[in-house]
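Descriptive analysis of the structure
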Amino acid sequence: MIGWYVHHQGAGHRQRLTAVAAHLRTPVTALSSAPRPAGWTGGWVELAPDDTPPVDRASAEAGGRLHWVPLHHAGLRARSAAIAGWIEAARPRLLVADVSVEVTLLARLCGVPVVVAAMLGDRHDAPHRLGRDVAQALLAPWPAPAGAAPSKVVHVGAFSRFDGRPTRPDRVRPGSVLVLWGSGGRDVGEEAFRAARDATPGWTWEYLVPGSPLSTGGDVWDALQRAEVVVVHGGHNAVAEVAAARRPAVVVAQERPFDEQRRRADLLRAEGLVALDAWPAAADWPGLLERARAVGAGPWARWAPGDGAQRAARFLDDLAREQR
């Protein structure tokens, strides 16, 4: 048995779980306070939320040693007991933590080896270092940098819900731009979107932006197939979906904790892709779209090889077999 802790914020953690679990031979039980994904047939341990009021925020970081352990919080106490109780009952071979330093430590204190879902960013604070130190391995959904030294980080490449779908180059509409933005908060407003469109009269813009009046809605995969260039924020899942579609892109990092998206932009630039640290001036857009068109989709093949979820599953299955 493999346990898999799923953080409740955003949909990306659940998408990673379902993508990898589809290829695992070892049974998986997920533990989370997030909703169960549609179609999930594995075990699911519902955890109490640990952030409902009242919260003693002054104590939450335990003097800088942890990220979220507010004193006397009933939800935190209940979820910790549920995780420890499940470990005692299920005796898992290992636990994947995506992501929580506290769950990583709790499982390791119970004698369970932990694989941490690696995340980009400047995560050099004491809690992140502690979590990495006690982990058996870190699973990184991006390619290993050239010349990287051997380490406990296992690079499997990016993967998404769209891996394995056939692309349709015949459906591309020349001169079309798709703006693909997520629901996790955005730094860019409607005025900036419109200014970019107005500065590029030779291009036709389409928007899939939750909560925006510009958004046309519709199926993401279909929209990716007809776009000549995709403008996408720097979140892991959105970038992986564009990579799976093999579309030329302009990736624009947003403000996120630990500068996660900017660090992803650094890696994408090293692969030869067009990636920015912030939304550019309107006058820059004609040149950026032409650059993306010239670069094409070739660099995506290394970033997202198409079998990242299978690679992750093979690694976890092998590691679980070793834990006897």
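None of the values given here were measured: they were computed from a predicted structure.

1. Regarding the nonpolar core
In this structure, L95, L224, W300 and W303 are the most contacted members of the largest nonpolar core, which totals 50 residues. Per-element tally for this core: the top contributor is helix α7 (residues 236-245), with seven residues. Summarising the domain contributions, this core has at least three residues from each of domain 1 (2-157 + 307-323) and domain 2 (169-303). Among residues more than four places away in sequence, those in contact with W303 are W142, P143, G157, A158, V239, A243, R264, L267, L268 and E271.

2. Some words on the sheet that holds strand β10 (residues 229-233)
Taking strand neighbours across the sheet as the criterion, the five strands line up as β9-β8-β10-β11-β12 in an open arrangement whose pairing is parallel. This sheet does not close on itself; its edge strands, each paired only once, are β9 (204-208) and β12 (274-276). Within this sheet the neighbouring strands show an average axis-to-axis angle of 15°, counted without direction. Taken together, the five bridges between strand β8 (residues 176-180) and β9 define a ladder with parallel strand orientation. Across the sheet, residue V177 finds its bridge partner in β9, namely W205. Sheet contacts for helix α9 (residues 285-295): β8, β9, β10, β11 (249-252) and β12; angle to β11, the most-contacted strand, approximately 125°.

3. Things to note about the pairing of strand β4 (residues 94-98)
On a regular strand, each side chain points to the face opposite its neighbour's, so the side chains alternate between the two faces of the sheet. Extensive coverage of β4 is indicated by the burial of five of its five residues. Covered by surrounding structure in β4 are L94, V96 and D98 together with L95 and A97, the residues of both alternating faces. Summarising the sheet, strand β1 (residues 2-6) and β4 pair through five bridges and their orientation is parallel. Across the sheet, G3 pairs through a bridge with L95, a residue of β4. Relative to strand β5 (residues 114-117), β4 runs parallel, the two sharing three bridges. The residue of β5 that forms the bridge with A97 is V116. Tracing the backbone out of β4, into helix α3 (residues 101-109) and back to the parallel element β5 gives a crossover that is right-handed.

4. What to know about helix α11 (residues 308-322)
Spanning 15 residues, α11 covers 21 Å between terminal C-alpha atoms, matching the ideal 21 Å at 1.5 Å per step. Along α11, the residues that are buried comprise G308, A309, A312, A313, L316, D317, L319 and A320. What you see down the axis of α11 is that its buried residues fit within an arc of 165°, all on one side. Those residues of α11 that are buried lie in contact with β1, α1 (12-21), β4, β5 and β6 (137-140).

5. Some points on the domain arrangement of the chain
A common way to report how large an interface is uses the accessible area buried once the components associate. By the assigned domains, the chain splits into domain 1 (2-157 + 307-323) and domain 2 (169-303). The partner domain 2 presents 13 residues to the 17 residues of domain 1 that form the contact. Together, the buried faces of domain 1 and domain 2 total about 1,200 Å²; carbon and sulfur atoms form 56% of this surface. Area buried by domain 1 at its contact with domain 2 is led by L120, D122 and P143, which between them contribute 41% of it.

6. Observations regarding the packing of aromatic side chains
Counted according to the given criterion, the structure contains nine aromatic pairs. Ring centres of W205 and Y207 lie 6.3 Å apart, and the angle between their planes is 25°; on these two criteria the pair is classed as stacked. Y207 shares its class with W205; the two are buried. Taken together, W181, F193, W205, Y207, W279 and W285 form an aromatic cluster joined through their ring pairs.

7. Side note on the UniProt feature "domain: Glycosyl transferase family 28 C-terminal" (unreviewed entry) in the chain
Within the UniProt annotation, "domain: Glycosyl transferase family 28 C-terminal" (unreviewed entry) is assigned to residues 223-270. Between the first and last C-alpha atoms of residues 223-270 the distance is 27 Å; the span itself is 52% helix and 19% strand.

8. Some points on the side chain of E228
If you trace the backbone, E228 turns up in the loop between α6 (220-226) and β10. Owing to a relative accessible area of 14%, E228 belongs among the buried residues under this scheme. A polar contact of 2.5 Å, which involves the side chain of E228, links it to the backbone nitrogen of G175. In contact with E228, other than residues within four places in its own chain, are V172, R173, P174, G175, S176, W203, R247, P248 and R293.

9. Re the sheet that holds strand β2 (residues 28-32)
One open sheet holds the seven strands; their spatial order is β3-β2-β1-β4-β5-β6-β7, and the pairing between them is parallel. Edge positions in the sheet fall to β3 (43-46) and β7 (153-155), since each has one partner strand and no second. Pairwise comparison of adjacent strand axes, ignoring direction, gives a mean angle of 25° for this sheet. As paired elements, β6 and β7 share three bridges and run parallel to each other. In the sheet register, L138 faces β7, and the bridge partner there is V153. Sheet contacts for α3: β1, β4 and β5; angle to β5, the most-contacted strand, approximately 170°.

Reading the values: rules and limits
- Residues numbered from 1 in each chain as written.
- Predicted model: local features only at pLDDT ≥ 70, side-chain atom pairs only at ≥ 80, totals over all residues.
- Heavy atoms only, no water.
- Core = buried A, V, L, I, M, F, W, Y, C linked by side-chain atoms within 4.5 Å.
- Buried < 20%, exposed > 50% of the residue type's maximum accessible area, 1.4 Å probe, protein only.
- Helix = DSSP H or I, 4+ residues; strand = E, 2+ residues; numbered from the N terminus.
- Domains from an automatic or database assignment.
- Contact = heavy atoms within 4.5 Å.
- Pairing = 2+ DSSP bridges.
- Axes fitted to C-alpha atoms, helices over the stretch in contact; angles between N-to-C directions.
- Right-handed = clockwise from strand over helix to strand, strands pointing away.
- Expected span 1.5 Å × (residues − 1).
- Arc of directions from axis to C-beta.
- Buried area = accessible area lost by both parts, 1.4 Å probe.
- Phe/Tyr/Trp six-rings, centres within 6.5 Å; stacked < 30°, edge-to-face > 60°.
- UniProt positions renumbered as here; feature names shortened; annotations may be inferred.
- Polar contact = N/O pair within 3.5 Å; in protein donor to acceptor, adjacent residues only side chain to side chain.

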